[in-house]
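Letter by letter, the chains look like this.
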Amino acid sequence: MKVREMVWWWWIYIAVAVQASLKGEDYVTYDGRSLIINGQRKLLFSGSIHYPRSTPQAFSMQMWSSLIAKAKEGGVDVIQTYVFWNLHEPQPGQEIQAQGLYACLRIGPFIESEWTYGGFPFWLHNVPDIVYRTDNGPFKFYMQNFTRNIVNLMKSEGLYASQGGPIILSQIENEYQNVEAAFHEKGPIYVKWAAKMGVELETGVPWLMCKQTDAPDPVINTCNGMRCGETFGGPNSPNKPSMWTENWTSFYQVYGGEPYIRSAEDIAFHVALFIAKKGSYINYYMYHGGTNFGRTASAYVITSYYDQAPLDEYGLLRQPKWGHLKELHIVIKNCFTPLLQGVQSNFSIGPLQQAYVYEEGMEACVAFLVNNDSTKNATVQFQNNSFELLPKSIGILPDCQNMVFNTAKVSTKPNKRITTLTKMFNEVDMWKEFKEDIPNFLDTSLRSNSLLEHMNTTQDKSDYLWYTFSFQPNSTCSQPVLHVESLGHVVHAYINTIFIEAGHGSHDTKGFSMDIPITLIDGINNVSILSVMVGLPDSGAFLESRYAGLTKVTIQCSESYIYDFTNYTWGYQIGLEGEKLQVFKEQSLEEVEWSEIDDSTNKSLTWYKTTFDAPIGDEPIALNMSSMQKGEVWVNEQSIGRYWVSFLTSKGNPSQTLYHVPRSFLNPTGNLLVVLEELNGEPLQISLNTISLVNVNSPFSYHHLPQ
């Protein structure tokens, strides 16, 4: 399904799925306690699910309907999503039609979100004199134009709550306070302009700015993070509610990084604490993370996104997280009247213990008893009763008498994910291969007398940029060493078309260098260096002026003699031949000559293709790529993302080996699988697997939420 169709179906599905939530024309406003819809206060739980990171299941919307059903069953009232500018406007003025979306529309249009280039389309980089996210005329023109078009599109479909639609909130900008100081006096000016611009679009629903303590009235400043009950300084006006737009249910993972496991108990503690401190809106980021298909992940971010969320990458329940939060939601919603209308008091009930109490007259009372001691239980006295609190926990008393829930006491049984092998691609005759030609200087048409910046040269049309030059060493060059410095992510070095070495940086380092002993021939030598990006940067100030690619190249012949090629005549080639010919597409397979797999040790830059039938059933499907090293995978012309198995964590493990193949990408039979391997992977060990769940203490597996 193409991007245009995917976005259209997602938004219309969301609108239909939640049409019962809002009926007629609803007036959405707020005060210092909560959002108010049609005169009624609302205590809302929200979940982030991003439409490009999940997929429709053919025409039945099976995955989306399942995600929404599980979110609603888990007590989620609101679906929150960003608007992804680079998907909607891949070229200036070429916008993708869409309709329908529920609840919280985070327009940005800067989103970060571990999405390549923070969601900005790369053509924005080429606008003369542009500086992103500041008081800059060219940027404000394009930002306002996109924001206005999105708002007008929503209005034209009647999707704002003020029109009887499902959108009750909009967001402008995103975590701007992280970079505001870098723009000096222009930062606050831009904040005021962005807020005013959004409000003047007259959506009829409130606007948010997350992590923006100086959000101008009437825009609501909100909190992002894991512990907003402890870290949020509160609304910047007594007339604004306390809202948490990103409660991180785990954290994104990078290649070379271990997964961050956030417990159900920790999430529940901080949700309860935020509610106890007058919070009335909490969004789980992510409730379902999904998959960074294609080249959409930002720098070094793995293809799987927030797999530790309550709904995992495949949309399966991650227990006990999903169930524990569901129980918490039920308890809190049963207390919503005193929480939103009662009088709050708080007082100490021990050295590290606190009580938060809401009373509405003589009839309603709810209490949160907090134990901040993370090492031991605490026995506390409250209203002439004694209560035992587990370490780092909150006990909730809906009637101020009986503790019905403790955030550290989990009753939901844990489950685990299991993979079932359905097919091994282990026979040589299953595969065909096509090897990339290594370009030499004479093969290139783009020339420069200096090292070009990677991103500006490729314009994000490819991860790959070839840097090539040729030279003839003098007779005294013995034991030469190639020295390469790069601000890109990966380098593959070739001498006279022979692969010699690869190197890479990491998410936390800005550059890396390589020193490689090489062998030179008498006469002209060709040096070909492939610079590779693994996603574009997604955050920080001055994103438009970032540098990537090679910064220095030398060949050292002795301690006293070095050839410096940094300022030299270079030839460039953007992308790989297989990319240009689109050999991952059925109609383009004949553009190159495929051959039997050979047993040579040089397997770098090789394309592999095979076919397979879809496994029977409806369990999610994944490719096990643990035998490969680095590259990208396509199934029926759809990229299921980059893989980088050879980048090991500090514990010696790949960050990701299983790669989600949505069933919506598949036909019953004859599915085309194409793999691009950059290094020396072994395709004969790739396998196809189904994914299911099993209770840790039970032999019975389950795959879907019971109706």
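What you are looking at is a predicted structure, and each value in this text was computed from that prediction instead of being measured. Starting from 1, residues in each chain are numbered consecutively following that chain's sequence as written. Owing to the predicted nature of the model, reporting of local features is limited to residues with pLDDT of at least 70; listing and counting of side-chain atom pairs is limited to 80 or more, with chain, interface and lining totals taken over all residues. Neither water nor hydrogens contribute to the side-chain values; these are computed over all heavy atoms in the structure.

A. The arrangement of the overall build of the protein in detail. In terms of regular secondary structure, the protein is built from eleven helices and 38 strands. Each radius of gyration reported is based on C-alpha atoms, and the globular scaling rule is 2.2 Å times the count of residues to the power 0.38. What you see for the protein is a C-alpha radius of gyration of 28 Å, in line with the 27 Å of a compact globule of 707 residues. Across its three principal axes, the protein shows a C-alpha extent of roughly 95 × 60 × 55 Å. The rule is simple: take the accessible area with a 1.4 Å probe, protein chains only, and divide by the maximum for that residue type; under 20% is buried, over 50% is exposed, in between is partly exposed. Per-residue burial over the protein gives 59% buried out of 707 residues. Residues count as neighbours in contact if any of their non-hydrogen atoms are within 4.5 Å of one another. Sequence-distant contacts, at least 24 apart, represent 72% of the contacts inside the protein between residues at least 6 apart. In these tables, accessible area is a Shrake-Rupley quantity obtained with a 1.4 Å probe, and a residue counts as shielded only by the protein chains included in the view. On the protein, roughly 27600 Å² of surface is accessible, and the fraction owed to carbon and sulfur atoms is 50%. Strands here mean DSSP runs of E at least two residues long; helices mean DSSP runs of H or I at least four residues long; both are numbered from the N terminus.

B. Quick peek at the environment of Pro 241. With respect to the helices and strands, the residue Pro 241 is situated in the loop between α6 (228-231) and β10 (242-248). Separated by 37 residues in the primary sequence, Pro 241 and Lys 278 place their C-alpha atoms 8.1 Å from one another. What Pro 241 contacts, discounting residues up to four positions off in sequence, is Tyr 30, Asp 31, Gly 32, Arg 33, Ser 34, Leu 35, Ile 220, Pro 235 and Ser 280.

C. Focus on the pairing of strand β28 (residues 550-556). A strand pair is defined by DSSP finding two or more bridges across the two strands. With six bridges joining them, strand β23 (residues 481-486) and β28 adopt antiparallel strand pairing. Paired with Val 481 across the two strands is Gln 556, which belongs to β28. Here three bridges tie β28 to strand β29 (residues 562-564), and the two strands are oriented antiparallel to one another. Paired with Thr 554 across the bridge in β29 is Asp 564.

D. Expanded view of a negative patch on the surface. A cluster of like negative charges, contributed by Glu 586, Glu 590, Glu 591 and Glu 637, occupies part of the molecular surface. In this structure, Glu 590 sits in the loop between α11 (577-581) and β31 (606-612). Only residues whose relative accessible area exceeds 30% and that form no salt bridge are eligible for patches; like-charged ones are grouped when within 9 Å, while nonpolar side chains (Val, Leu, Ile, Met, Phe, Trp, Tyr) are grouped when within 5 Å. Criterion for a salt bridge: a side-chain nitrogen of Lys or Arg within 4 Å of a carboxyl oxygen of Asp or Glu. Under the counting rule used here, the positive set is Lys and Arg, the negative set is Asp and Glu, and His together with the chain ends is not counted. A charged residue contributes its charge at one atom only: NZ of Lys, CZ of Arg, CG of Asp or CD of Glu.

E. Layout of the environment of Cys 477. In this structure, Cys 477 sits in the loop between β22 (464-471) and β23. Measuring from C-alpha to C-alpha, the distance between Cys 477 and Ile 562 comes to 9.1 Å, with 85 residues separating the pair along the chain. When sequence neighbours within four positions are dropped, the list of residues in contact with Cys 477 reads Leu 520, Cys 557 and Tyr 563.

F. How the structure looks around the environment of Tyr 306. Here Tyr 306 is to be found in the loop between β11 (279-288) and α8 (321-333). Separated by 42 residues in sequence, Tyr 306 and Ser 348 have C-alpha atoms that sit 37 Å apart. Those residues in contact with Tyr 306 that lie beyond four places of it in its chain are Glu 114, Trp 248, Thr 249, Ser 250, Phe 251, Tyr 252, Tyr 285, Met 286 and Gly 289.

G. View of the packing of aromatic side chains. Here a Phe, Tyr or Trp ring, Trp counted by its six-membered ring, pairs with any other such ring whose centre lies within 6.5 Å, and the pair is stacked when the planes are under 30 degrees apart, edge-to-face when over 60, and tilted otherwise. Enumeration according to the criterion identifies 52 aromatic pairs in this entry. Between Tyr 132 and Phe 139, the ring centres sit 6.0 Å apart and the planes meet at 40°, which makes this aromatic pair tilted. You'll find Tyr 132 and Phe 139 in the same group, each marked buried. For the pair Phe 232 and Phe 274, a centre-to-centre distance of 6.4 Å together with 40° between the ring planes defines the contact as tilted. Within this pair, whereas Phe 232 is found in the loop between α6 and β10, its partner Phe 274 is found in helix α7 (residues 264-276), the two being separated by 42 residues in sequence. Across the pair, exposure class does not vary: Phe 232 and Phe 274 are buried alike. In this structure, Lys 423 packs its charged tip against the face of Phe 425, placed 5.6 Å from the ring centre. By definition here, charges over rings are those cases where NZ of Lys or CZ of Arg is within 6 Å of the ring centre and within 35 degrees of the ring normal.

H. Summary view of the state of the cysteines. When two cysteine sulfur atoms lie within 2.5 Å, the pair is treated as a disulfide. If you walk through the whole model with that rule in mind, you get three disulfides. A sulfur-sulfur distance of 1.9 Å marks the disulfide that ties Cys 365 to Cys 400. Note on the Cys 365 and Cys 400 pair: the S-S dihedral is about -75°, so by sign convention the disulfide is left-handed. Residue Cys 365 is found in strand β14 (residues 364-371), and its partner Cys 400 is found in the loop between β17 (393-397) and β18 (405-406); the two are separated by 35 residues along the sequence.

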